[in-house]
Amino acid sequence: NEAAAATLPPETISIASIVGFPLPEEEPRLVKLADNVYGYEEIRQPGFTTVSLVVIGTKGVLIADGQGSTQATQTMLDKIKTVTSQPLRWYVVGSDHGDHTAGNSVLPPGLTYVVHPFSKSKLQGEGAQATAMSGDAETIDVGGMSVVVRFLGRAHTGGDLVVELPRQKILFMSEVYLNRVFPAMRSAYPSEWVATVDKALALPVTHFIPGHGFIETPTVSREELVAFRGALVAVIAEVKRLHAQGLS
């Protein structure tokens, strides 16, 4: 609360300081993950980011997840234009929650939406007319590289999609992975979430990109994903313990 925060040194108040991760000098920012592959970080409150994936092919640009407002999404589109003149052609809905989709109205017309059937029913506007995935994986040739959109199981939203770049061994996990962030479960499928993370860890991937939290180095990204799995297990165990005591 405010009274407690007032007694703390200023540097301990931000989330980034608490987790020991210094704030980057530039935000929002594109983080180069590989040739023609970027993560996009936008801070929407001190130390807390919403992350998108940007893949640039010779046929066009694919993004996975938007941002939480039209202004934030437009800023992301403007940033993308600083690294490519290719048009935006594909949009993967990793999470249907508003902090990833509320800015969709500024996306260009004619996009190909890739969305899970569960999420399709929750989207409005352009996304609602999108054709839902018919299976658990869909491969997109963006020109010069392949992008594999996967449904590994329900996690934070129920329609959770992840995006794998096999050649680069990168996996964008959207809200399946909340890096150094408490595992929010207001709309989640907790035990299935753990199994979904296990499937992600079993993929031939070296760099795991979160939907929230700063982008880590490849080695640390796996370590933090394992730690996040542990947090999921701990929360589930504690809720079960309290429920066994007769609490609601």
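Residues numbered from 1 in each chain as written. Predicted model: local features only at pLDDT ≥ 70, side-chain atom pairs only at ≥ 80, totals over all residues. Heavy atoms only, no water.

(A) Molecular detail of the pairing of strand β9 (residues 162-165). Here β9 shows two buried faces, one formed by Val162 and Glu164 and the other by Val163 and Leu165. The pairing of strand β8 (residues 146-150) with β9 spans 3 bridges and is antiparallel. By the bridge assignment, Val149 is partnered in β9 with Val163. Relative to strand β10 (residues 170-172), β9 is paired through 3 bridges, and the arrangement is antiparallel. Counterpart to Val163 in the pairing with β10 is Phe172. If you look at the hairpin formed by β9 and β10, you'll find 4 residues sitting between the two strands, and Lys169 has a positive phi there, around 60°. (Buried < 20%, exposed > 50% of the residue type's maximum accessible area, 1.4 Å probe, protein only. Helix = DSSP H or I, 4+ residues; strand = E, 2+ residues; numbered from the N terminus. Pairing = 2+ DSSP bridges.)

(B) Just helix α6 (residues 190-202), in detail. Taking 1.5 Å per residue, 13 residues should reach 18 Å; α6 reaches 19 Å between its end C-alpha atoms and fits that length. Those residues of α6 not exposed but buried are Trp193, Val194, Thr196, Val197, Ala200 and Leu201. On an axial view of α6, the arc spanned by its buried residues comes to 160°, and they lie on one face. Buried positions along α6 lie against β10, β11 (207-209) and α7 (218-244). (Expected span 1.5 Å × (residues − 1). Arc of directions from axis to C-beta. Contact = heavy atoms within 4.5 Å.)

(C) Here's a closer look at the pattern of salt bridges. The full count for this structure, using the stated rule, is 9 salt bridges. Across the pair Glu41 and Arg29 runs a salt bridge, and its minimum N-O distance is 2.7 Å. One end of the pair, Glu41, is in strand β2 (residues 37-45); the other, Arg29, is in strand β1 (residues 29-34), with 12 residues separating them in the sequence. The closest approach of N and O atoms between Asp35 and Lys32, which form a salt bridge, is 3.6 Å. (Salt bridge = Lys/Arg side-chain N within 4 Å of Asp/Glu carboxyl O.)

(D) Layout of α7. When the terminal C-alpha atoms of α7 are compared, their 39 Å separation across 27 residues agrees well with the 39 Å that a helix rising 1.5 Å per residue should span. Among the residues of α7, Ser221, Leu225, Phe228, Leu232, Val235 and Ile236 are the ones counted as buried. Its buried side turned inward, α7 meets α6 and β11. Phi turns positive, to about 95°, at Gly246, one or two residues after α7.

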